Amino acid sequence: MDKYILAIESSCDETSVSIIKNGCEEISTVVLSQMDIHANFGGVVPEIASRNHVKNITLVIEEALKKANMTMNDIDAVAVTYGPGLIGSLLVGLIAAKTLAYAYNKPLVPVHHIAGHIYANNLVKPLEFPLISLVVSGGHTDLIYMKEDYSFERLGGTLDDAVGEAYDKVARVLGIDYPGGPIVDKLAHTGKDTYDLPLPLNDNSYDFSFSGLKSAVINKIHNEKQRGNYIIVENMCTSFQNRVVEILVKKTMKALKEKNVKNLIVAGGVAANNGLRERLTIECEKEGIELTVPEIKYCTDNAAMIGAAGYYAYKLGRRADLELNAKANDKLY
Ligand code: KG4
Ligand code: ZN
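Small disclaimer: the values here were computed from a predicted structure and weren't measured. (Residues numbered from 1 in each chain as written. Chains lettered and ligands numbered in written order. Predicted model: local features only at pLDDT ≥ 70, side-chain atom pairs only at ≥ 80, totals over all residues. Heavy atoms only, no water.)

Considering the coordination of the zinc ion (ligand 2)
Then step 1. Binding of the zinc ion (ligand 2) to the protein goes through H113 (NE2), H117 (NE2) and D301 (OD), at separations of 2.0 to 2.1 Å.
Then step 2. Positions of the donor residues of the zinc ion (ligand 2) along the chain correspond to the pattern H-x3-H-x183-D. With H117 in helix α4 (residues 113-119) and D301 in the loop between β10 (290-292) and α10 (303-315), the pair connects residues that are 184 residues apart, well separated along the chain.
Then step 3. Using a relative accessible area of 2% as the deciding quantity, one classes H117 as buried. (Donors = N, O, S within 2.8 Å, 3.2 Å for Na, K, Ca; no water. Helix = DSSP H or I, 4+ residues; strand = E, 2+ residues; numbered from the N terminus. Buried < 20%, exposed > 50% of the residue type's maximum accessible area, 1.4 Å probe, protein only.)

Written out as C-alpha cells, the structure reads:
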C-alpha cells in the first residue's frame, strides 16, 4: 500500500516541509530560504535562523499540505531531521514534528540530515546497490559504501574542513558574498588555472583535507598583495576548484574500483557544483559507472530528501517518541 511521509527539515537556514510518496515520488515541497537575511551578516546567524524558523514553520506545513491537496489524515508518518545541525534551528522542526505526530496520532520517524542528502538521489531513480556515495556538503565530506538501503559504511572523509566550508572560506577571502560556493563555481568556469596550488592529501587513503588548500589560497593572496599585485579572482576560483574536483574525483574513482562497485551517487550542497558534475560524468562514462546526482534544487537543504530517507527509516521500523531530542552532532556511520 502507498505510504505518504510528511517530512520537516530545519537544520540550518531553510525551513522546509515536503510530502513524499513511497520514498521516491514528490507530492509537494515547500522550501523557505533565509539566505537573504543571513547574507547581510556574511554567514548564518544561529539565533536569527531559529527565530525565523519559529515564524515560518506552521505556514510552511500548511502550504505543503495545501499544495498536495491533502490533510494530516492522508499522512502515514511524520519524518524529521533531528541532527546534525544548529541546535536552535533543529529544535523548531523537531517540536513541530512531535506536535503533529502527537495531535494526529502518527508515527514519528527520526532522520539523520546526511541520510537525507544521500536519499535525495532516490527522487531521481531508486538507489541500486552496492553503491558508493560521495557526500560533499557544508559540514561533511565523506566516501560512504552502501550495500543495501539504510546501511552506511564510511570509507574515509575529511580530516579538517568540509569541502563546502572550504568553498565558503575561499570565497570570503576573495571578497565574494555569502554563500560563496555557487559563485566560486560560476567564476571557475570563466577563469584559467594559473595559480600553483597543491593537490591536497594526494595519498592512497580515502581521506581528504581541505584546510591546507584553503591556507594556500590565503597565502597566495597575501603574497601577491605584498608585491602590490592583485589576484585575478576568476583564475583563483578555477585553480581552487580544479584541485578540489581532482582530488574528490580521484579518490571516488579509486573507491569504486577497489570495492568493485558500479553505482555512484553524489550528495550534499556541493553536489550542485558544475565542475564536479562534469568531471564525474566523464570519468564514470569511461569506467562504465552508473552516476546519479540529485536535481540541483535538492542538492542543498530541503525536506523532500528527508521524506525519501524517512520512508526507508519508517519501513525499517525506526520510531521516536516525544522524548526525541535534537543533536547538533551525531554520526550516521
Ligand atoms: O548540504 P548543504 O545545503 O548544507 C549542509 O548540510 O552543510 O550545503 C551547503 C554548502 C555550502 O557550503 C555551499 O557553499 C555549498 O554547499 N555549495 C556549493 C555549490 N552550491 C552549494 N559549493 C560549490 N559549488 C556549488 N555550486
Ligand atoms: Zn545539508
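From this point, things continue past the structure.
Remarks on the sheet that holds strand β5 (residues 108-112)
Then step 1. An order of β3-β2-β1-β4-β5 is seen for the five strands of this open sheet, with the pairing classed as mixed. Looking along the sheet, the strands with just one partner apiece sit at the ends: β3 (25-33) and β5. The mean inter-strand angle of the sheet, taken between neighbouring strand axes irrespective of direction, is 20°.
Then step 2. Relative to β3, strand β2 (residues 14-21) is paired through eight bridges, and the arrangement is antiparallel. The residue bridging I20 from the neighbouring strand is E26, located in β3.
Then step 3. Contacting β1 (4-9), β2 and β3, helix α2 (residues 46-68) crosses the sheet at an angle of about 25° to β2.
Then step 4. Across the sheet, α10 touches β1, β2, β3, β4 (77-83) and β5, and the angle it forms with β1 is around 130°. (Pairing = 2+ DSSP bridges. Axes fitted to C-alpha atoms, helices over the stretch in contact; angles between N-to-C directions. Contact = heavy atoms within 4.5 Å.)

Considerations on the packing of aromatic side chains
Then step 1. Applying the stated criterion across every chain, the model contains six aromatic pairs.
Then step 2. Ring geometry for Y311 versus Y312: centroids 5.0 Å apart, planes at 85°, classification edge-to-face. You'll find Y311 and Y312 in the same group, each marked buried.
Then step 3. Chaining the aromatic ring pairs together yields one cluster made of Y119, Y150, F152, Y311 and Y312.
Then step 4. Lying across the ring of F208, K251 places its NZ or CZ 5.8 Å from the centre. (Phe/Tyr/Trp six-rings, centres within 6.5 Å; stacked < 30°, edge-to-face > 60°. Lys NZ or Arg CZ within 6 Å of the ring centre and 35° of its normal.)

Comments concerning unusual backbone geometry
Then step 1. At the junction of G83 and P84, the peptide bond is cis and its omega measures out at -10° in the coordinates.
Then step 2. If you trace the backbone, P84 turns up in the loop between β4 and α3 (87-104).
Then step 3. Between F129 and P130 the backbone carries a cis peptide bond, its omega angle lying at -5°.
Then step 4. Its location among the elements puts P130 in the loop between α4 and β6 (131-136).
Then step 5. Although it is not a glycine, N69 sits at a positive phi angle of roughly 60°.
Then step 6. Relative to the helices and strands, N69 resides in the loop between α2 and β4.
Then step 7. Residue N69 is classed as exposed on the basis of its relative accessible area of 71%.
Then step 8. Its identity as a non-glycine residue notwithstanding, Y150 has a phi of 65°, on the positive side.

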